[in-house]
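Chains, contacts and geometry: an overview
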Amino acid sequence: MEPIKKRSWQLRPGNDSVEVLGALARDLGLCPLVAGTLARRGILTAAQGHDFLSSRLASLPDPFLFKDMDNAVQRLAHIPLRLKDGYGLSAEALREAAGQGVSVVISVDCGVSAVEEARLAAELGLDLIVTDHHQPPDPLPAAFAIINPHRPGCGFPFKELAGVGVAFFLLVALRKVLREQGGFERRPEPDLRRSLDLVALGTIADIVPLKGVNRTLTRFGLGLLEKGDRAGVRALKEVAAVKQVSCGSVGFRLAPRLNAAGRLEDAALGAELLLSSSYTEAKKTATFLNQLNGERQQIEADTLAQAISRLEKEGDNAARSIVLADRGWHPGVIGIVASRLVERYYRPVVMIALDEQGGKGSARSIKGFHLYESLASCSEHLQGFGGHEFAAGLSVEGANVDAFARSFESVACRLLEPEDLVPSLLHDGEIALEELDDQTVAELETLTPFGAGNPEPAFIATGIRVQQASVVGEGHLRFTARQGGYSLPCIAFGMGEWIDRLDGEVDILFSAGFNEWQGRC
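Just so you know, the residues in each chain are numbered from 1, in the order the chain's sequence is written. pLDDT decides what is reported in this predicted model: residues at 70 or higher carry local features, side-chain atom pairs at 80 or more are listed and counted, and totals for whole chains, interfaces and linings draw on all residues regardless. Computation of side-chain values: all heavy atoms of the structure, hydrogens and water removed.

1. Some details on the overall build of the chain
- Scanning the chain for helices and strands turns up 17 helices and 15 strands.
- C-alpha atoms of the chain, sized along the principal axes, occupy 75 × 60 × 50 Å.
- Evaluated residue by residue, the chain yields a buried proportion of 45% over its 521 residues.
- Contacts were defined at the residue level, with two residues in contact if any of their heavy atoms lie within 4.5 Å. Taking all contacts inside the chain whose residues are at least 6 apart in sequence as the whole, residues at least 24 apart take part in 64%.
- What sets the accessible areas is the Shrake-Rupley method with a 1.4 Å probe; for residues, cover comes only from the shown protein chains. Only carbon and sulfur atoms are counted for the fraction: they give 49% of the accessible area of the chain, which is about 26100 Å². To qualify as a helix, a DSSP run of H or I must reach at least 4 residues; to qualify as a strand, a run of E must reach at least 2; elements of each kind are numbered from the N terminus. Per-residue accessibility, obtained with a 1.4 Å probe over protein chains only, is compared with the maximum for each type, and a residue is labelled buried under 20%, exposed over 50%, and partly exposed between these values.

2. What to know about the side chain of T480
- Within the secondary structure, T480 is located in strand β13 (residues 476-483).
- The buried category is assigned to T480, whose relative accessible area is 16%.
- Only 3.2 Å separates the side chain of T480 from the side chain of Q468, close enough to count as a polar contact. Contacts described as polar in this section are N or O atom pairs within 3.5 Å, which, within protein, must combine one atom able to donate a hydrogen with one able to accept it, while residues neighboring in sequence count only if both atoms come from side chains.

3. Quick look at the nonpolar core
- Counting residues in hydrophobic clusters, the biggest one holds 41 residues, and the most contacted among them are L324, L341, M351, I352, F369, F404 and F408.
- Think of a nonpolar core as a cluster: buried Ala, Val, Leu, Ile, Met, Phe, Trp, Tyr and Cys residues, connected wherever their side-chain atoms sit within 4.5 Å. In this structure, I43, F479, A481 and L502 belong to the second largest nonpolar core, which totals 34 residues.

4. A look at unusual backbone geometry
- Omega for the peptide link from D138 to P139 comes to 10 degrees, which places this bond in the cis form.
- Counting through the fold element by element, P139 comes out in the loop between β4 (127-131) and β5 (145-147).
- Omega for the bond connecting T448 with P449 falls within 30 degrees of zero, at 5 degrees, which places this linkage in the cis form.
- By the secondary structure assignment, P449 is in the loop between α17 (438-445) and β12 (459-472).
- The backbone phi angle of I207 is positive, close to 55 degrees, even though this residue is not glycine.

5. Notes on the environment of L128
- Topologically, L128 is positioned in strand β4.
- Residue classification places L128 among the buried residues on the basis of a relative accessible area of 2%.
- The sequence separation of L128 and A142 amounts to 14 residues, and the corresponding C-alpha distance is 8.7 Å.
- Once residues lying within four places of it in the same chain are set aside, the contact partners of L128 are L89, V105, A118, A121, A143, F144 and A145.

6. Here we look at a negative patch on the surface
- On the surface, E265, D266, E272 and E295 cluster together into a negatively charged patch.
- Position of E265 among the secondary structure elements: in the loop between α11 (247-264) and α12 (268-275). Patch definition: residues with relative accessible area over 30% and no salt bridge; like charges joined within 9 Å; nonpolar side chains (Val, Leu, Ile, Met, Phe, Trp, Tyr) joined within 5 Å. Salt bridge, as used here, is a side-chain nitrogen of Lys or Arg placed within 4 Å of a carboxyl oxygen of Asp or Glu. Neither His nor the chain termini are counted; the positive set is Lys and Arg, and the negative set is Asp and Glu. Just so you know, the charge point we use is NZ for Lys, CZ for Arg, CG for Asp and CD for Glu.

7. Digging into the pairing of β12
- Where β12 and strand β15 (residues 505-510) come together, five bridges link them in antiparallel fashion. By the bridge assignment for β15, F459 is matched with F510.
- For two strands to be treated as a pair, DSSP must find no fewer than two bridges joining them. Where β12 meets β13, six bridges bridge the pair, whose relative direction is antiparallel. Bridging from a neighbouring strand, V466 pairs with A481 of β13.

Below you can see the structure in the form of structure tokens.
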């Protein structure tokens, strides 16, 4: 199988009405370029623009709009102990909790598919409260309460919360009930705004759309991460060499180090780091997590190389999906490798780590192929599955892997046309380099935080002459782009191999920003 060699540049869908863009620019005090960028993100009125740019915590929805929220908080308002389990609900953890005298269990970012585990919890006398954001199955687990924006009949208006966001709104609702019951008359009321650094971490790591409620929570949380009041966050930023916090530094430097513990060793190490009040102890934990992340990167690189080698030797270019399984693969890295394979081959990918008990799989997808729904179509070959549109997990018996792969490919052939397997790079229109003055770039940066669902604005410039091109760092291409009498410095990360292909005039797809180095632009 050959990697993707071409990509299409497509104008991001949006409203190009002169009246709409003019009103946005006038009412929000923005230049036309930035107003057009907002319109391509669905911001079409001044009111929507003010909400987007201000992202006020006071505008967050009422948590009691969640179905079952009343039941959950009334149960929690009268108990001194709550249990938050690790990744996924397990029968062993439930039995251990019951044996310790625990009476209520809260799941975070999991549990909505745990039908058997919920039945066991009831048998053990445990009240199970599920907080999750994954697609709910039919039937739902028989839990005490299920807090999930995707539940049928749930009135919470924003459906794309991360798992951490659902848990945060449970805390907001619980605090409200405790306040009404006089629970803070003799003890201080918790300021939940101080926990938004953790909410931002989880929201970015979960790769949910950074719009609406997610954008508001993340915007405030990034400010707290930048301050680094939490000892564990300061230590993590230091070992990860993060000087300035952004969605990129969280997603590619901080979150992977926290996740490395759960992937290779004990997920409790990440929680231990974030809860630490001692910087000295936090630094020790962060250093160990950094070491684990290095090991994770090596295992990931080895697994990716093995997967690519198999696909190059055995892969079919006509195939519209990829399913690979191996007994030597570590289940903690297969999700990351699946994402890398999607980037390289632009097909839905399922990676399965096999052992004596069966296989644990992680799946990643492309636009137009809903993973959860597609796995549901193949469920006869699976022991279990869960997830959402672009990411999912599954379990499968080793003997059923081939049958599952054939079924999954059949679904992909039904849903995907050949043109769907050509990735598209969306942009916000063609502009002239001379339009990018300091004020315009500063206005573009007010649209942060950028990430899934709120991509960094990208533009096309045509007829560019490349000057002073050189390869710097680890294969990065640095050059000056000249258009007419105007020029700007550019950096193309990881594109050093293109240096010999830049003769004559070229078109470039780019994002604009201030180049800051050691506090200077």
